[in-house]
Structure formats: C-alpha cells, structure tokens
Amino acid sequence: MAAPLAGLFDYLPPAIPSDQALVPGLRLLVPFGRARRVGILLALAARTEQDPTRLKRIESILDARPLLSPVDLRLIEWAAAYYQQPIGEALFTALPARLRQPSPLLDDRVPGVQVTPAGQNRDPANLGRAPRQRELLALVQAAPAGLAMSTLRQRLGDCGGPLRTLREKGLLTLCQLTPDSSLIPPPPLPETNRPNLNPDQMLAVQAILDALGGFRSFLLDGVTGSGKTEVYIRLIESVIAAGRQTLVVVPEIGLTPQLRERFTQRLPGPIAVLHSALNASERERNWHQAARGEATLVLGTRSAVFVPLPRLGLILVDEEHDPSLKQQDGFRYSGRDLAVRRAQLAGCPVVLGTATPSLETLHNAGTERYGWLRLPQRAGAARPPTISLLDIRNQPLQAGLSSVLREHMHAEIAAGNQILLFLNRRGYAPVFTCHSCGWVGGCPHCDARLTLHLHLKRLWCHHCDWSQPLPNRCPDCRSDDLRMLGRGTQRLEDDLRPLFPETTITRIDRDSTRRKGELDRLLGTVQRGEAQILLGTQMLAKGHDFPGVTLVGILDLDQSLYASDFRAPERTAQLIVQVAGRAGRAERPGRVVLQTRHPEHPLLQSLLRDGYAGFAAAALDERRAAELPPFAHLALLRAESPQAEAALAFLREARALATGLEQPSVQLLGPVPAPMERRAGRYRAQLLAQCAERPRLQQMLAQWNTALRALPRVKGLRWSLDVDPQDM
Ligand code: ADP
Ligand code: ZN
Ligand code: ZN
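Just so you know, these numbers come straight off a predicted model, no measurement behind them.

Before going further, it helps to spend a moment on the nonpolar core. Ranked by size, the top nonpolar core spans 141 residues in total, and within it Val298, Leu420 and Val552 carry the most contacts. If one sorts the elements of this core by residue count, helix H18 (residues 602-626) sits on top with seven residues. When neighbours within four sequence positions are excluded, leucine 420 is seen to be in contact with Leu534, Leu540, Phe546, Val549, Val552, Arg582 and Ala583. In this structure, Leu147, Leu163, Leu172 and Leu177 belong to the second largest nonpolar core, which totals 15 residues.

Pasting the structure below:
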C-alpha cells in the first residue's frame, strides 16, 4: 500500500476476470477505507486469516507487467524487516514517486524513422537529383537502430516531402523508439584516453573480475588520486562486454559531475542517472530504462540501490564512508549496506571504494569478510601531499589566517598555482551579539544560534531555516553596538579581498551554488585555472579533482575535535584526508597546512604520524574497548514533541516495554535529551539499544517495534527507530 502502514492486506482477485495473470510486483488499484489506493501485489494466497466475507476485491490491475521482480521484492522485504520499517513505505521508496498514484507508466516511446534492408543497401548517391532525399537517407543510415523524428527535424528542418518519397520507395519506414536507441551512436572512444594500469590497479581489477558471476564483497582502499575511478571504468567495460548491467551508487551526484562525465566519455551507453535533482518524469524514464535492462550503467544516489536491474552483474559504491549514503529520515536505510545485501541476493560482486574507509568496512576487510584491495600510490606522476600542523595559539591572525599560511599563499600565487581554503561554516558569522548587554541572536524554534548572512541582511537558522531581518538595535537593551563573532565562508571571502587584491577568489558552499548549474560553472572556473583562491565548505571535500591546487589551508576544525558523537573523530579524520587529497593531483606536489589550537590532540597526532590507516587502526581499538560499532550493534529510538518532557516520558515507557521483552543481551542507554534538544519547535530525546550480536538485537527490535506501535497515540508525539544510526 502506498502508505506508511506496517501490515500486509488481503484482497480478492478482480471481479472481471482478465486475461492478465496476477503476478507479484504488479501495481493494483484497491479500495482502502473510503478511498482507493495503489498497492503492490506481494504474494498470492489460497487462504486468509481475515473473515473471507469481509474481504474486498482488487479494483483493477494498473500495469501490463510487474514493476518489481521476485529478487527486487526480496531485497525490499528484507530491508523493511531489517530497518523496522513498514513494507509499504519501503516498496514505494523503491519506485518513482509518480507511481504512488494510479497513473499509467510513462510511455517513453517516441516516433522515429528507420532504414529498411533495401534502404540500408542503397547508396544515397544513386538517388539522382534529389539532394534532400540523399541527405535524409544518409543520416538515417548512420543510425541503424532508428532516428527520432525530433532529431531529424533538428538536423534537416521540415523534411516531410522527402520522407514520404523515401517511404514510398521502400527505403525508410516509421517506427517507435525508446529515447536512447534513437541517439546516433557515439564515435568509437579514442584509445589515447586510456592510461595503462599500474600494478596495484591491475591486481585490483583482476581480483574483482575473477569474482564476477558470484557474490563477494571488496573494499577498494585507494588514496585520493590513486586511480579508483579508472579501476571502476575497466570493470564496467568488462561487465558491459559480458552483456550485464553495473550499478554505481554515489553519495551525491550533484557534487560529482566529474564522475558522470568520465563515465559518459569512456563507456558505451546508455547510462541511466538517478538522483533527486532530476524532475519526476526524467527520473521515471531513467528508472524504466534501467528496469527494462537497456541501460548498461546506472549511476545513482542511495535509492538507486532498489532499481530493478534484470541483468545486474556488478555493484560499485563510491565514497562508501560518506554519511549521506544513509537516509536520515522516513525510511532510514543505508544505501551501502543494502548494496552489499543486494549483491548477495543477485549473486554478483560488490566493491566499496574510498580513500578513507569507514571503520565498519575496515573491520570487515580486516576480518576477511571482504576482500581488501589497496591502491597505496597516486596514479601516474602525482605525488602525495605533505600535511603539517600549524599551532595558532597566540598567533596574530588576519582574516583567520596565520602569517605563515598567508606567506605560503603569496608564494603559491606568485608561482601561478591555485590555493584551496577549507572552512566548514557557511554564512557570514556564526554569532551575532550585543556588546552592551551580551544578548545573542538565537533561533526561537531551536537551541541554536542564528547565523549572520550580511549580504541578505538577515539572521538565519541553519537547523530549521527560520530567518529574520537583521536588527539595528539590540532587542533587549536597545543598544546599537551590535557585533559579529567568528567567521563563515562569506566573511572569509570579504576579508581575503583586501589581503589578496589582484587575485580571483571563488567561494563554493550551499549559498553560492543554490542556482541550478552554478556549481558546475564555479568548478569550471577553478578547473580552467581562472580562480586562484578557492574557498568553501565540505562541498569541496567530495570527489573533485583540482589538479592546479598546490596548497590547501584547513582553517578551523577544532570544534569537531571535541564533538560528542562517538563518530566525530572518524568523520574529522575523513574530512581532513579528503580535503588534503584535493591538492597536487597533477605533476605539481601539494602541501596541506592545518591550523589548530590543539596541535597535541591525539587524533591529529596519529593522523600526521601514521596517516589514515594508522588513525583508523587506533580508532578501531578504542571502539572495541568501548564496545561501540563495529564491535556492537546499535539502534536508536528517537522521539520528539512540541511539549517539553513528552518525548522523554514516551521513551521511559518504551524502556519499560523493552525491559519486559527479556532480551538480557540488549543493553539500553537513556533516555536522554538529543544533543540539540529543541529543533524546529520540537523537543527531542533518544534511547539507545546496544547489543554485541546483530541477530539478537534484530529479534528484540521486531518485538519492541510491535509493542511500540500498539501504544496509544500521544498527540503531537512522533517517534522513529533508527537501526545502525549514523548521527547521534
Ligand atoms: P581516484 O578515483 O582514486 O581519486 P582517479 O581514477 O580519478 O583516482 O585517478 C586520478 C588521476 O590519475 C586521473 O586524472 C586519472 O586519469 C589518472 N590515472 C588513473 N590511473 C592512471 C594510470 N594507471 N596511469 C596514469 N594516470 C592514471
Ligand atoms: Zn543589548
Ligand atoms: Zn531554528
């Protein structure tokens, strides 16, 4: 059912017998309460536990063929059970949004024209003095699969006359085309673009090729610039040659246009791209193209893990450590973990690629559940960057930059190189305050400060999006001595201009890239070397290649060194290594300068001394000692309510219920208020369940979930179970 309901519902077959067989995976229109709803047929049963006289009938079958295959359904059912989510929610996450409505599938056939066998053999030069006919025939001959009418008109303008004549001569015929078969096949790819693999890449490619045809998980552990993408491309080439489809799951496509471009340039299509920035019908068309088996490659964000792929041969998950592979609301699933499960169901290999593996994946590789493929060297001529800490205690700063960093910057600019400055805080200033009485601009709906956005003359809440005009006077004491504290990327940009007057500065963050296409444009200016200083937030840490950057300044990560989430050190280390990896990717070596007031911090020390691998080994030891993932399994029960205390009260009741379930191996911690207790006007609290054994936790969660659903509803209270939570 297209509704967040936990159960399955029984229906009788349609009243009017149709010649269409009822098979699982079909969409149905069914009466539900007083309305009609779209449902998915999951199974046929001869018996029901309902009163058979009260069963309703299926009203109609919506589609001519099932949208989901038995394997697709098994994955979705498994995901719903594992993540304790209603099956209806899971099913409709897997389908394009429009199909929640009883709308017909988009008929994406387009009218086209094709050569007949006679037309194929006819030399256009023999058509006599009919240049338009000659031109038309030659064009259609170049596209043996057919050419869309729209393309034809684009190329030749109105050509109705010559077309009619050629059809009468039996040389051309009308046809229906799928959008991509109507493209003129691209010219063969130039071989020069294809670097020779280095020995590490060859070993990795070979190990994975050897595993094709069966299930096996791999960690592709390759430093930034080590040629992981090149490995993906070689693998996909082989999979295409074997007549199979590849699924590539990435954290955010919008942020990595380069990956898509490289795939398009190097691989024969069609490539189906799936992400939330596409409009609904584009998305649905691409979905069908994948599901019909036409797309050789599907490149998508986490929900692509559910796309039906009849010829699936390989799954790749890029940047597997990235938290955005986990859905954070509604159906909270991990795109990475489901990719592994899907590979298991489909009987194909899955490759998790990254320069900074998550501790979970490292543990799986370390215990040999996953094959561990390493690319320790940068590919080609590129050298790894050197990272150094810069102690800024008692240092005079200008624009937040120490004099050492500024000198480095001037030197690089003089040498014609590019610089990347990383500051993970957007807006102008994070604090706006009254100097007379100490008032601080806070969000009325959240336990959070408002960020100053000077150019918009507003104070903005980055947690709930509430904003207000910039006050001229203090709301408390009417003083006009209002000041800002701290620095976001906008202020950094403004402060840099006078320090580097002749220099082009480009800022990349959520605010500067709101307009569609703006990110691509800004990245373009950097790639072409037009921008000399590039500054921005963690958007810059995501997979971009800046070959001209030789210096990376990491300005302020100190806060995240002391964050409360047990994953904070892991995230911080990943961020540092990923940002550092943007530098010096071409022939020019890169240097990374990390400004800090805590140079003695163990995380920074181990990262500098032993690199990410050393840091991760130490972090894994700590997790083991603390009985945290991957050495224990977690589920977080979250609750929120507009009433203070209501969430905590609900969780206390939930805890009492759990205690009655007699699952002594599951430990409960809490309830406690969430790290930011009030957000968007709601008070939030959480209760953690922890267990060393996953099956026991799963068993307990299923019972607990049922018991929680049976509780009487409390007005305004919402709760959710998050299995394998990422942020806590
Ligand atoms: P990663 O995905 O690990 O960051 P890429 O695949 O993007 O690395 O490779 C980094 C750069 O090195 C790219 O410009 C790529 O074309 C180049 N490259 C990759 N493999 C080789 C190779 N074997 N020889 C030469 N250059 C290579
Ligand atoms: Zn004041
Ligand atoms: Zn807010």
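This paragraph deals with the packing of helix H4 (residues 131-141) against helix H6 (residues 160-168). One way to put it is that H4 packs onto H6 with a least axis distance of 9 Å and a crossing angle of 70 degrees. The orientation of H4 relative to H6 falls into the category roughly perpendicular. On H6, the residues that touch Arg132, Gln133, Leu136 and Leu137 of H4 are Pro162, Leu163, Thr165 and Leu166. Counted by class, the contact of H4 with H6 contains five nonpolar, two polar and one charged residues.

The subject of this paragraph is the environment of glycine 441. With respect to the element layout, glycine 441 can be found in the loop between strand S18 (431-434) and strand S19 (451-453). For the pair glycine 441 and proline 471, spaced 30 residues apart in sequence, the C-alpha to C-alpha distance is 9.6 Å. Apart from the residues lying within four places of it in its own chain, the contact partners of glycine 441 are Phe432, Arg449, Leu450 and Leu459.

Glancing now at the site of ligand 1. The local shell around ligand 1 holds 15 residues, among which Pro195, Gly227, Lys228, Thr229 and Gly380 are the closest. No other element matches helix H8 (residues 228-241), which puts three residues into the shell around ligand 1.

Attention now moves to the UniProt feature "binding site: Zn(2+) 1" (unreviewed entry) in the chain. As recorded in UniProt, the feature "binding site: Zn(2+) 1" (unreviewed entry) lies at Cys434, Cys437, Cys474 and Cys477. The named residues occupy 44 residues along the chain; their greatest pairwise C-alpha distance, 8.6 Å, places them in one compact cluster. On the secondary structure map, cysteine 434 appears in strand S18. A tally of 21 C-beta atoms within 10 Å means that cysteine 434 is categorised as buried. Apart from the residues lying within four places of it in its own chain, the contact partners of cysteine 434 are Trp439, Cys474, Asp476, Cys477, Ser479, Asp481 and Leu482. Checked against the element boundaries, cysteine 437 lands in the loop between S18 and S19.

What follows covers the pairing of strand S9 (residues 271-274). A regular strand carries its side chains on alternate faces of the sheet. Neither face of S9 is open: one carries Ile271 and Val273, the other Ala272 and Leu274, and all of them are buried. Taken together, the four bridges between S9 and strand S10 (residues 297-300) define a ladder with parallel strand orientation. Counterpart to valine 273 in the pairing with S10 is leucine 299. Running through helix H10 (residues 280-291), the crossover from S9 to the neighbouring parallel element S10 is right-handed.

Within the UniProt annotation, "binding site: Zn(2+) 2" (unreviewed entry) is assigned to Cys443, Cys446, Cys461 and Cys464. Across 22 residues in sequence, these annotated residues keep their C-alpha atoms within 8.7 Å of one another, forming a single compact spot. Relative to the elements of secondary structure, cysteine 443 occurs in the loop between S18 and S19. A tally of 24 C-beta atoms within 10 Å means that cysteine 443 is categorised as buried. Note on placement: cysteine 461 falls in the loop between strand S20 (458-460) and strand S21 (467-469). In contact with cysteine 461, other than residues within four places in its own chain, are Cys443, Cys446, Ala448, Leu450, Trp466 and Ser467.

Before going further, it helps to examine the environment of glycine 488. Position of glycine 488 among the secondary structure elements: in the loop between strand S22 (482-485) and helix H14 (489-499). Residue classification places glycine 488 among the buried residues on the basis of 24 C-beta atoms within 10 Å. Sequence separation of glycine 488 and serine 564 is 76 residues, and the distance between their C-alpha atoms is 22 Å. The residues contacting glycine 488, other than those within four sequence positions of it, are Arg425, Arg426, Gly427, Tyr428, Ala429, Pro430 and Thr451.

Here the focus is the sheet that holds strand S3 (residues 60-61). Pairing in this open sheet of three strands is antiparallel, and the strands run S2-S1-S3 from one edge to the other. Looking at strand neighbours, the two that pair on one side only are strand S2 (35-40) and S3, the edges of this open sheet.

Taken as a whole, the chain is organised into domain 1 (26-100), domain 2 (110-177), domain 3 (197-375), domain 4 (386-428 + 486-623) and domain 5 (633-723). Placing a centre on the C-alpha atoms of domain 1 and another on those of domain 3 gives a separation of 28 Å. If you look at the interface, domain 1 gives 18 residues, while domain 3 gives 17 residues. For the side of domain 1 that touches domain 3, the secondary structure elements donating two or more residues are helix H1 (70-82) and helix H2 (87-93). With seven residues, the single largest contributor to the side of domain 1 that touches domain 3 is H1. Taken together, the residues of the side of domain 1 that touches domain 3 break down into 11 nonpolar, three polar and four charged.

Bringing the sheet that holds strand S6 (residues 172-177) into the picture now. Here three strands make up an open sheet; going across it, the order is S5-S4-S6 and the pairing antiparallel. Strands with a single pairing partner mark the edges of an open sheet, and in this sheet they are strand S5 (147-148) and S6. Sheet analysis places strand S4 (residues 110-115) next to S5, joined by two bridges and oriented antiparallel. Bridging from a neighbouring strand, valine 113 pairs with leucine 147 of S5. Against the sheet, H4 contacts S4, S5 and S6, and its axis sits at roughly 100 degrees relative to S4.

It is worth spelling out helix H11 (residues 335-346) at this point. The terminal C-alpha atoms of H11, which comprises 12 residues, lie 16 Å apart, in line with the 16 Å expected from a rise of 1.5 Å per residue. A large share of H11 lies buried, amounting to nine of its 12 residues. Residues Gly335, Arg336, Asp337, Leu338, Ala339, Val340, Arg342, Ala343 and Ala346 constitute the buried set of H11. Tucked into the core, H11 has its buried residues touching H1, strand S7 (216-222), strand S8 (245-249), strand S11 (312-318) and strand S12 (349-354). Phi for glycine 347, located one or two positions after H11, is positive at around 65 degrees.

Turning to the packing of helix H7 (residues 199-211) against H8, a few remarks are in order. Look at H7 against H8: their axes get within 10 Å of each other, and the N-to-C directions meet at 35 degrees. Considering only the axes of H7 and H8, their crossing is right-handed. Across the interface between the two elements, Gln201, Ala204, Val205, Ile208 and Leu209 from H7 touch Glu230, Val231, Arg234, Leu235 and Ser238 from H8. By residue class, the composition of the contact of H7 with H8 is six nonpolar, two polar and two charged.

This part takes up unusual backbone geometry. Across the junction of proline 629 and proline 630, the peptide omega takes the value 5 degrees, indicating a cis bond. Note that proline 630 resides in the loop between H18 and strand S27 (633-641). In this structure, proline 671 follows glycine 670 across a cis peptide bond, with omega equal to 5 degrees. Its place among the elements puts proline 671 in strand S28 (residues 667-679). The phi dihedral of glutamate 645 is positive, around 80 degrees, even though this residue is not glycine. Tracing the chain through its elements places glutamate 645 in the loop between S27 and helix H19 (646-659). Of note in this structure, aspartate 724 is not a glycine but carries a positive phi near 55 degrees. Looking at where aspartate 724 falls in the secondary structure, it is placed in the segment after strand S30 (718-723). According to the C-beta neighbour criterion, aspartate 724 is buried, with 20 such atoms within 10 Å.

Definitions and limits used
- Residues numbered from 1 in each chain as written.
- Chains lettered and ligands numbered in written order.
- Predicted model: local features only at pLDDT ≥ 70, side-chain atom pairs only at ≥ 80, totals over all residues.
- Core = buried A, V, L, I, M, F, W, Y, C linked by C-beta atoms within 7 Å.
- Buried ≥ 20, exposed ≤ 12 C-beta atoms within 10 Å, placed from the backbone.
- Helix = DSSP H or I, 4+ residues; strand = E, 2+ residues; numbered from the N terminus.
- Contact = placed C-beta atoms within 7 Å.
- Axes fitted to C-alpha atoms, helices over the stretch in contact; angles between N-to-C directions.
- Parallel < 35°, antiparallel > 145°, perpendicular 65-115°, else oblique.
- Nonpolar A, V, L, I, M, F, W, Y, C, P; charged D, E, K, R; others polar.
- Near = placed C-beta within 6 Å.
- UniProt positions renumbered as here; feature names shortened; annotations may be inferred.
- Pairing = 2+ DSSP bridges.
- Right-handed = clockwise from strand over helix to strand, strands pointing away.
- Domains from an automatic or database assignment.
- Expected span 1.5 Å × (residues − 1).
- Left-handed = near helix turned anticlockwise from the far one by under 90°.

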